[in-house]
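# Structural features, examined
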Amino acid sequence: MSQDCFVLLPRDGLSVKDGRGWYTSEVGRGHSHPWPLPTTVRGALRAAWGQDLMTTQPGVRMTPAEWEQRSAGVKLTRFVALRRFFAESPFELAHRMWPFPADAVLVGAEKGPVGRVEHLLPHRPAAGRSASTLGPDEDSAREGLWHPRRVSRGKPSTAPRFWSEAEMVCWLLGHDVAVPQELSPEQRTDLHVSIDPSRQTAEDSMLHSRQVVELLRLEREGEKAPRAVEWALGLCCEQPERDAVRGFPSGVLGLGGRRRLTDVERVTPDLFACPPEFKPKASKGLRLVLATPACFARGWLPDGFARDAGLYVGSLPKVAGPVVLRAALVPRAQDVSAWDMVKKEPRQTRRWVPAGAVYFFEKQRGDDFTAEELRALWLASWGGGHEEALGQVLPGVWTPPPASGA
Amino acid sequence: MESRAYLLQALSPLHVGTGQSVGVIDLPLMRMRATGIPIVPGSSLKGVLRDSRKHDSDRARSDAIFGPRREKPGPEGDQPSEYAGALVVGDARLLALPVRGFVGTFALVTSPLLLALARRDWGGRMGDEDVPKPVAPLAKYQARVASLKDNACLYRHDGRPRVYLEDLDLEVENQDDAGLASWAEVLGRALPSEERDMLLRRLVLVDDETMSFLWETATQVDTRVSINPETGTAAQGQLWTEESLPAETLLMGVMAATRAWHPERKLAASEVLSEALGGQGTMLQLGGKATVGRGWCRLLSWQSGGSEGQR
């Protein structure tokens, strides 16, 4: 199966509209996801692939239904955020950006805006002291999950959306990380109005706004001159074996709302590899940080895990033997709506575990997670939606606290 | 998708605004938020291009290029379309800003960042040999020109060349910049033949920090007032300021197209682009304040140099 790896560089920003309608407020307003979803990018690739196929194979004309069916083999296998100085050297591992993990807390200093990054670590529930859940089932397993606890009382600050490769590798190895810079793409709101061609004046009820995520910004360090920084989407995709198009994608791509123009820069699969600096030692505990959103059949609970004697026990890709889920730090679920271009109607809404969620595990037999297992988990796929690069994980080490009296 | 770069040359002050502001200027220009670079959104240009063809008898052809028309305003008009328009118009970004100078009336000022953005817009769309190389970076508050001999905006102080841009007095490197000269030459190819040496004579390269100061402060700001017809005096509470890009501003953008999806009008991507770009130097009125002469622009493109991927 051939794999095409490239980087998408949106020229004019992106507006990837979320599920909220235009008419939920007095003025029509299009809300954008703060970062494009993998499913949006795959949709754009499927559209581009169909156009390329029809161009390279004269006489081939697909109906929307055929297009939908034949392009199903276009799969997104990697999806990472990238950030580099504008028009710098080719993209490399150091340019990767990862979602801020849910087990990190930015804590404000006594004086000044932000003081430190604190680990949010799960602790064993104290027997008989926790409140019971009111869930209809699996209460014992949920009660058995460990609870995250902070070690200080400082006030948490707003976390950035992303942090850098160096910071993430450091964090996964269990080290402390300095306070990250605010490294998130900015958003602006564009106002639009329709002009009535016969009167050349604004048309009634056609004033609307749209959020745009900008991927180019000027950043300044101290007194130095500002430098332009660009954000991009790094991805790998597979094409259908029978209909592979050479040189895909050709030309610019239209991405997100209003098909914003996006340049394409070729890269190699090495851009998605496990970094050489990530050299973990064998560890009693494992943390899995979601690098892309995950789609699990039972909401927050990972696929393949079931209740077993008051614990959630299951298996993980690339890991030998059963593991016990000790804790799950899951931010608010991500609701994803989409449009069916064939039926011309909305698709079923999906709920994903957002990128940045963190799950903690121990092996059921008490063994260590080996260094090989940990490295093999780098961007392994977990849960459903593999064709949309969902559920790709970053492995981290964790030292479970000893049981009381141990 | 096939794509081509285009150039917008403002012939009168160009006001493409955001509608309102809480700042000092009541009607500011639209800008990229994170960089402050003034832009003309692609949606604005696309609407104007479409409107310029409203008298065409072949409505289907126009719809094939620009997309099906909305039949009704508001929520009732939100019907799924049978096909999409073939044309995508990218935003036009500032490329060179005319700035007042004590010598030479005005300079067309640009910076390494603006040229690097333009270079990417050209990348793959013109033959490699046609794309000028990136210019070397500049120290803070420094400037360079393509030709010390030909540039109309220089003056010499103690034998050293300088330029005055608004109230900035910048030292100019005492040698010609061959890289900038090739930019002036290639950009000039899009302009009418009688204006081609304008860039060689007026283009001044400044560092990005100075440029960002200029695109914030060297735009045209007009104060206007409504006159009460009853009294012939200024109407109460109707004094406002509006910002424009001055005449002679150059902006650069990209247009892209697929083949047309209209069931009756089959157009190749290259036809769609040629149709959208029109004849060389198509005159358009963009942005607001049309009735007071704002927004007259020339839409230009490079005749030589092809397009990229054919889809």
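Look up: the structure comes first, before these words.
Residues numbered from 1 in each chain as written. Chains lettered and ligands numbered in written order. Predicted model: local features only at pLDDT ≥ 70, side-chain atom pairs only at ≥ 80, totals over all residues. Heavy atoms only, no water.

## A short note on the overall build of chain B
Summing up its helical and strand segments, chain B has seven helices and 15 strands in all. Against the compact-globule benchmark of 19 Å for 311 residues, chain B has a radius of gyration of 21 Å, which places it among compact chains. When the backbone C-alpha atoms are referred to their principal axes, chain B occupies close to 70 × 65 × 35 Å. Residues classed as buried in chain B amount to 54% of the 311 residues present. Restricting the contact set of chain B to residue pairs at least 6 apart, pairs at least 24 apart contribute 70%. Counting every atom, chain B has about 13300 Å² of accessible surface; 50% of that belongs to carbon and sulfur. A distance of 3 Å separates the average location of the 36 positive side-chain charges in chain B from that of its 41 negative side-chain charges. (Helix = DSSP H or I, 4+ residues; strand = E, 2+ residues; numbered from the N terminus. Rg over C-alpha atoms; globule rule 2.2 N^0.38 Å. Buried < 20%, exposed > 50% of the residue type's maximum accessible area, 1.4 Å probe, protein only. Contact = heavy atoms within 4.5 Å. Areas by Shrake-Rupley, 256 points an atom, 1.4 Å probe, with all protein chains shown as cover. Lys, Arg positive; Asp, Glu negative; His and termini not counted. Charge placed at Lys NZ, Arg CZ, Asp CG, Glu CD.)

## Quick word on the sheet that holds strand S11 (residues 201–213) of chain A
Backbone hydrogen bonds hold the strands of a sheet together, and the pairing may be parallel or antiparallel. Residues and elements named next belong to chain A. With respect to topology, three strands assemble into an open sheet ordered S2-S11-S10, the strand pairing being mixed. At either end of the open sheet lies a strand with only one pairing partner, and these are strand S2 (28–30) and strand S10 (187–196). Across the sheet, the mean angle from the axis of one strand to that of its neighbour is 20 degrees, orientation sign disregarded. Bridging between S10 and S11 involves nine bridges; their strand directions are antiparallel. Looking at S11, one finds that His192 is bridged to His208. (Pairing = 2+ DSSP bridges. Axes fitted to C-alpha atoms, helices over the stretch in contact; angles between N-to-C directions.)

## Considering the nonpolar core
Tyr6, Leu14, Leu87, Val163, Leu165 and Met255 of chain B are the most contacted members of the largest nonpolar core, which has 63 residues in total. Among the elements that line this core, the one with the most residues is helix H7 (residues 269–277) of chain B, at five residues. Judged by nonpolar contacts, the second largest core, of 39 residues, contains Leu106, Trp146, Phe360 and Leu379 of chain A. (Core = buried A, V, L, I, M, F, W, Y, C linked by side-chain atoms within 4.5 Å.)

## Describing the layout of surface pockets
There is about 1100 Å³ of room inside the second largest pocket. What lines the second largest pocket is a set of 42 residues, among which Phe86, Ala87 and Glu88 of chain A together with Ala116 and Arg120 of chain B lie closest to the centre. Residue assignment for the lining of the second largest pocket shows that the elements contributing at least two residues are strand S3 (75–85), strand S13 (227–238) and strand S15 (260–266) of chain A together with helix H3 (112–122) and helix H6 (208–217) of chain B. The residue makeup of the lining of the second largest pocket, split by class, is 22 nonpolar, five polar and 15 charged. (1 Å grid on protein atoms, 1.4 Å probe; cavity = no way out; pocket = protein on both sides within 12 Å on 5 of 7 lines; lining within 4 Å. Points joined across faces, edges and corners; volume = space filled by probe spheres on them. Nonpolar A, V, L, I, M, F, W, Y, C, P; charged D, E, K, R; others polar.)

## So, helix H1 (residues 38–56) of chain A
With 19 residues, H1 of chain A extends 26 Å between its outermost C-alpha atoms, agreeing within 8% with the 27 Å of an ideal straight helix rising 1.5 Å per residue. Counting buried residues along H1 of chain A, 14 of its 19 residues qualify, which places the element largely inside the surrounding structure. (Expected span 1.5 Å × (residues − 1).)

## A few points about the interface of chain B and chain A
The interface of chain B with chain A comprises 49 residues on the first partner and 49 residues on the second. Buried area between chain B and chain A, summed over both chains or domains, comes out near 4000 Å², and the portion from carbon and sulfur atoms is 54%. At the boundary of chain B with chain A, the tally comes to six salt bridges. One salt bridge in this structure joins Glu209 of chain B and Arg220 of chain A, with 2.6 Å as the shortest N-O distance. Summed over the shared surface of chain B and chain A, the result is 18 residue pairs in polar contact (both at pLDDT 80 or more). It is H3 of chain B that provides the largest number of residues to the side of chain B that touches chain A, a total of five residues. Among the residues making up the side of chain B that touches chain A, the classes are represented as 20 nonpolar, 12 polar and 17 charged. (Buried area = accessible area lost by both parts, 1.4 Å probe. Salt bridge = Lys/Arg side-chain N within 4 Å of Asp/Glu carboxyl O. Polar contact = N/O pair within 3.5 Å; in protein donor to acceptor, adjacent residues only side chain to side chain.)

## Some thoughts on empty space enclosed by the protein
By the definition in use, this model includes five cavities of 30 Å³ or more. Estimates place the volume of the largest cavity at around 200 Å³. Going through the elements one at a time, strand S1 (3–10) and S13 of chain A together with H3 of chain B are the ones with two or more residues in the lining of the largest cavity. Per-element tally for the lining of the largest cavity: the top contributor is H3 of chain B, with three residues. Grouping the constituent residues of the lining of the largest cavity by class yields eight nonpolar, one polar and 10 charged. Within this model, the second largest cavity holds a volume of roughly 110 Å³. Considering the residues around the second largest cavity, the lining is formed by 13 residues, among which Asp190, His192, Val212, Arg258 and Arg260 of chain A are closest to the centre. Of all the secondary-structure elements, those providing two or more residues to the lining of the second largest cavity are S10 and S11 of chain A together with helix H1 (42–51) of chain B.

Everything listed here is a matter of coordinates, which is why it stays silent on function.
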